[in-house]
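Structure at a glance
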Amino acid sequence: MLENLQQMVILAAIGHEQNFTRAADRLGISKSQVSKQVRYLEERLGCQLVQRSTRTVALTEIGLQYADYGQQLVDTVNEAEAMVAGYRNEIKGVLRIGIAQSFGNIHITSALAEFQKSNPELELEISLFDHRPNLLEEGFDCWIAIHEHPPEGMVARKLANCEFVVVASPDYIAQHGQPETPSDLRRHNCITYQSRERKYVNWAFSRDGVQQSIRVRGNYRIDNAPAVLDAAVSGLGIAYLSTYLMTNELENNKLIQLLPQWKTTVDLPIYAVYPRRKYLAPKVRCFIDFMAERMAQAPYKTPRLILP
């Protein structure tokens, strides 16, 4: 029975990693042991579970279904470990965190050193990316997400809201003029963020209870948020820019805030997203509490201009 359970867990790791070597590393055993146990498992069950080629490894349809049961075993063990760790309040082990790339680079990665120093028995594995992950399949304990809609079935603790400001460089304004109302943006070259998952071409505003959403256009579209800032500073157009990207661009007159009487109203929360568990591991709870405290200080906010 114990060998059967081991084989199920190994198959689940192969399904997750799509690679024998990475599955072996994940489990802390040799690649040859992984191959041997898969072979024994297929012989015992009398069916092919893994499709092999020179470059890729994939599970067959029945292999995927069988691996799901192996993953359930892993999840059950993790729940039991989390329950005991919670009882003992142990903050140790490996913590796998995914972080929205641009936000993480600017504001989070430097803070993680402080977090790890406070929790020396904890090992951190950090991934920076902009896609919407499957936390369970990719094995993340927590995802710091900047997203309108957190994944269904997950717990999402709101940490803060992204704030936005409309900006352009002095050179751009000198050449093309300055918009006085949101509607004027239709006549300007606007720098927009777009990726495979999201496209921000509708810029939202409010003033005195009046809401406006302006569909903008421009000849510069990019899937990297810091690059939007760089493009605006370079004078390529007007940007609807998240303030967490900015440092001293307004103070140094590299950028000028436009339409200051209008409030930008894009709702883009920052969440800590994690799988729903009966027992939340102390290491995950500790990290989320740390992030909540850090975000409450809001170092990424930029004050709006003081109007006369």
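Residues numbered from 1 in each chain as written. Predicted model: local features only at pLDDT ≥ 70, side-chain atom pairs only at ≥ 80, totals over all residues. Heavy atoms only, no water.

It is worth spelling out the confidence of the model for the chain at this point. Per-residue confidence for the chain gives a mean pLDDT of 85, with 93% of residues at or over 70. At the low end of the mean pLDDT range in the chain sits helix H4 (residues 61-88), at 76; at the high end sits helix H7 (residues 170-176), at 96. Note on residues 302-308: pLDDT is under 50 here. Beyond four places in sequence and across chains, it has 10 contacts. (pLDDT = per-residue confidence, 0-100. Helix = DSSP H or I, 4+ residues; strand = E, 2+ residues; numbered from the N terminus. Contact = heavy atoms within 4.5 Å.)

The next thing to look at is the environment of methionine 1. Considering the arrangement of structural elements, one finds methionine 1 in the segment before helix H1 (2-17). Note on methionine 1: relative accessible area 72%, which makes it exposed. Placed 54 residues apart in sequence, methionine 1 and arginine 55 show a C-alpha to C-alpha distance of 33 Å. (Buried < 20%, exposed > 50% of the residue type's maximum accessible area, 1.4 Å probe, protein only.)

What follows is about the packing of helix H5 (residues 101-118) against helix H9 (residues 282-296). For any two helices packed against each other, the geometry comes down to the angle between their axes and how far apart the axes lie. Axis separation between H5 and H9 bottoms out at 11 Å; the angle between their running directions is 120°. As far as their axial angle goes, H9 and H5 are oblique. Our pair here, H5 against H9, has a crossing hand that is right-handed. Residues Phe103, Ile108, Ala111, Leu112, Glu114 and Phe115 of H5 pack against Lys283, Cys286, Phe287, Phe290, Met291, Arg294 and Met295 of H9. Here the residues of the contact of H5 with H9 are counted per class, giving 10 nonpolar, no polar and 3 charged. (Axes fitted to C-alpha atoms, helices over the stretch in contact; angles between N-to-C directions. Parallel < 35°, antiparallel > 145°, perpendicular 65-115°, else oblique. Left-handed = near helix turned anticlockwise from the far one by under 90°. Nonpolar A, V, L, I, M, F, W, Y, C, P; charged D, E, K, R; others polar.)

A few words on the pattern of salt bridges. Taken as a whole and assessed by the stated rule, the structure comprises 8 salt bridges. Arginine 22 serves as the salt-bridge partner of glutamate 17, at 3.5 Å between the closest nitrogen and oxygen. Put simply, arginine 187 and aspartate 184 hold a salt bridge, and the shortest N to O gap is 2.8 Å. Using a relative accessible area of 65% as the deciding quantity, one classes arginine 187 as exposed. One network of salt bridges, in which partners are shared, links Glu17, Arg22 and Arg26. (Salt bridge = Lys/Arg side-chain N within 4 Å of Asp/Glu carboxyl O.)

Considered for burial, the residues of helix H2 (residues 20-27) that qualify are Phe20, Ala23 and Ala24. For H2, the buried positions fall inside an angular range of 100° around the axis, keeping them on one side. Looking at the buried positions of H2, the neighbouring elements they touch are H1, helix H3 (31-45), strand S1 (50-52) and strand S2 (57-59). Taking the backbone nitrogen of threonine 21 as reference, a side-chain oxygen 2.8 Å away marks asparagine 19 as the first, capping residue of H2. (Arc of directions from axis to C-beta. Polar contact = N/O pair within 3.5 Å; in protein donor to acceptor, adjacent residues only side chain to side chain.)

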